Amino acid sequence: MAMHYGVIVVGGGQAGLSISYCLSRLGIDHIVFEQHQIAHSWRTKRWDSFCLVTPNWQCQLPGFPYPDDDPEGFMGRDAIVEYIERYASHFNPPIKTGVKVERVKGSEGNGFEVVTNQGTFTADQVVVATGGYHTPKIPRLAERLDPGIVQLHSAEYRNPEALPEGAVLVVGTGQSGCQIAEDLHLAGRKVHLCVGGAPRSPRRYRGKDVVEWLDQMGYYDLAIDDHPQKETVRHKTNHYVTGRGGGREIDLRHFALQGMALHGRLTNIQGTQLTFSDDLKQNLDQADAVAESIKRTIDAYIDKHNIDVPMDPPYRPVWEPEAVETGIDYRAANITSVIWCIGYGLDFSWIELPVFDGQGYPGHRRGVTTVPGLYFLGLPWLYTWGSARFSGIARDAEYLAEQVATRSGKIHPRRSQLVNEVAIGS
């Protein structure tokens, strides 16, 4: 490998590949460093039954829209890996796998010094495309559990058969927690689910998938500066729903009717006693309120545009907590496994440049930082809801490629053509 590049892209997932595609179209010299292999996180950090929660037609990598014949379906884990691999084969990016970037810092000359396990390189510009899910969160509270209890983060869970016999405690009700709880439940396992404050979404409403309605309403084009919650939306938990079985709603109340034990937030572990908050009903009601709010927004859009679609019956809760259960003995409940589904933390400690806030989040505007030539791509709500997803990465990658080209002084006659090609997914 050469020791200097115009641009070094760190990360070879969908974000890194997307910016590589756009840079290649602009004739910008660059290389992509990937520590593992293409689509590593999709291969190794998703369970066997994992599938997208958004329809396949939203998979719009730059220059490579969803290529198969099931646009309304929801790709499973292996199909997602194949999609990314096919994308890489589509344009043959300059990617080097097995290269771990250990440090990025300013160069004594111009640009940046990038230290890797394969040597030290320099670059005029650097794009950090490692996403926003780095360090699995497991609370120190977990140390209080008996060593005989199997504990996994959601990234380590694969299937019910890989767990020991017995009941399973799932902590957290974001998308991963709810979907893993369902996976275990459908396999006949006894599940205890600690319900947090995550909102839920309807799957279909008034004749369409809710994603299609929101897309038609322009929600996925909404920039973060125009969002009512502004930058705080970056730290909100995603709505839970699933693409499993062709796509369906997740209503935890139905699981309770079928025997799943629902609890409030886990607040303490003392001996073999698990203590829960008494907020179960509140959390279920809040999740329902968000789902109903989404429906009302769609109703208003339908009314405004005089769209002729059928009405859906009003939502009725099928189950209510009868009594507040604030604790159980996990040994008496035969809980032998715990799955922590409480998300990830950021880890940009390897970037030795003054761009981060007190929480380790990079300061940027649409991925452009205050350090000239340093960019971030693939973070949740970098610019829109789709920034960390297949649906919105093209817009962000094309924008940053233009910033890179402008800074490099590269004027390319096909620039306007690139904009059109990315827009239509040619």
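None of these values were measured; they are calculated from a predicted model.

Rules behind the numbers
- Residues numbered from 1 in each chain as written.
- Predicted model: local features only at pLDDT ≥ 70, side-chain atom pairs only at ≥ 80, totals over all residues.
- Heavy atoms only, no water.
- Helix = DSSP H or I, 4+ residues; strand = E, 2+ residues; numbered from the N terminus.
- Contact = heavy atoms within 4.5 Å.
- Pairing = 2+ DSSP bridges.
- Axes fitted to C-alpha atoms, helices over the stretch in contact; angles between N-to-C directions.
- Buried < 20%, exposed > 50% of the residue type's maximum accessible area, 1.4 Å probe, protein only.
- Salt bridge = Lys/Arg side-chain N within 4 Å of Asp/Glu carboxyl O.
- Phe/Tyr/Trp six-rings, centres within 6.5 Å; stacked < 30°, edge-to-face > 60°.
- Lys NZ or Arg CZ within 6 Å of the ring centre and 35° of its normal.

Engineer: Which residues make up the side chain of Thr54, and what values go with them?
Structural biologist: Among the secondary structure elements, Thr54 is positioned in the loop between helix H2 (40-44) and strand S3 (60-61). Sequence-distant contacts of Thr54, that is, excluding residues within four places in its chain, are made with Gly73, Phe74, Val211, Trp385 and Arg389.

Engineer: Outline the environment of Tyr375, supporting the account with residue identities and numerical values.
Structural biologist: Here Tyr375 lies in strand S22 (residues 374-376). Between the C-alpha atoms of Tyr375 and Ala129, which are 246 residues apart in sequence, the distance is 8.5 Å. Not counting the four nearest positions on each side in its chain, Tyr375 is found in contact with Gln125, Val126, Val127, Val128, Gly367, Val368, Thr369, Leu400, Gln403, Val404 and Arg407.

Engineer: Give a detailed account of the sheet that holds strand S18 (residues 327-329), specifying residues and quantitative values.
Structural biologist: Taken together, 3 strands build an open sheet; the order of strands is S16-S17-S18 and the sheet is antiparallel. Taken across any chain shown, the strands that pair with only one partner, and hence form the sheet edges, are strand S16 (266-270) and S18. Geometrically, the sheet is characterised by an average inter-axis angle of 20 degrees between neighbouring strands, direction not taken into account. The sheet contact formed by S16 and strand S17 (residues 273-276) spans 4 bridges and is antiparallel. Residue Gln270 lies in a different strand from S17, and its bridge partner there is Gln273.

Engineer: Pulling in residues and values, what's your account of unusual backbone geometry?
Structural biologist: Notably, Ala39 is not glycine yet its phi reads approximately 65 degrees, a positive angle. Considering the arrangement of structural elements, one finds Ala39 in the loop between strand S2 (30-34) and H2. Classification of Ala39 as buried rests on a relative accessible area of 2%. Phi at Arg366 is positive, roughly 55 degrees, even though this residue is not glycine. Within the secondary structure, Arg366 sits in the loop between strand S21 (351-352) and S22.

Engineer: Explain the pattern of salt bridges residue by residue, including any values.
Structural biologist: The tally for this structure, following the rule as stated, stands at 23 salt bridges. Its salt-bridge partner being Arg86, residue Asp68 comes within 3.1 Å of it at the nearest N-O pair. Of the two residues, Asp68 sits in the loop between strand S4 (64-65) and helix H3 (77-91) while Arg86 sits in helix H3, which places them 18 residues apart along the sequence. For Asp68, a relative accessible area of 38% gives the class partly exposed. For Arg86, a relative accessible area of 30% puts it in the partly exposed group. Among the salt bridges present, the one from Asp299 reaches Arg206, with a minimum N-O distance of 3.0 Å.

Engineer: Give me the lowdown on the packing of aromatic side chains, citing residues and values where you can.
Structural biologist: Scanning the entire structure with this criterion turns up 19 aromatic pairs. Judged by centre distance (5.1 Å) and plane angle (55 degrees), the rings of Tyr87 and Phe91 are tilted. Taken together, the residues span about one helical turn, with Tyr87 and Phe91 both in helix H3 at a distance of 4 residues. Look at Tyr87 and you get buried, because its relative accessible area is 0%. When the ring of Tyr133 is compared with that of Tyr344, the centres are 5.8 Å apart and the planes differ by 70 degrees; the resulting orientation is edge-to-face. Of the two residues, Tyr133 sits in the loop between strand S8 (119-128) and strand S9 (135-136) while Tyr344 sits in strand S20 (residues 344-345), which places them 211 residues apart along the sequence. For Tyr344, a relative accessible area of 22% translates into the label partly exposed. An aromatic cluster of at least three residues, connected via ring pairs, comprises Tyr21, Trp42, Trp47, Phe50, Phe64, Tyr83, Tyr87, Phe91 and Phe390. Over the aromatic face of Phe50 sits the side chain of Arg46, whose NZ or CZ is 5.4 Å from the ring centroid. Taking NZ or CZ as reference, Arg366 lies 3.8 Å from the ring centre of Tyr383, over its face.

Engineer: An account of the sheet that holds strand S15 (residues 261-263) is requested, with residue identities and associated values reported.
Structural biologist: Strand order across the open sheet formed by 5 strands is S10-S19-S11-S12-S15, with parallel pairing between neighbours. The two strands at the open ends of the sheet, each matched to only one other strand, are strand S10 (150-153) and S15. The sheet shows a mean angle of 20 degrees between the axes of neighbouring strands, taken without regard to direction. Strand direction decides the pairing type here: strand S11 (residues 167-171) and strand S19 (residues 335-340), joined by 5 bridges, are parallel. Within the sheet, the bridge partner assigned to Val168 lies in S19 and is Ser337. Of the strands in this sheet, S11, strand S12 (191-194) and S19 are in contact with helix H4 (residues 175-186), which crosses S12 at around 170 degrees.

The values reported here are purely geometric and, on their own, carry no functional implication.
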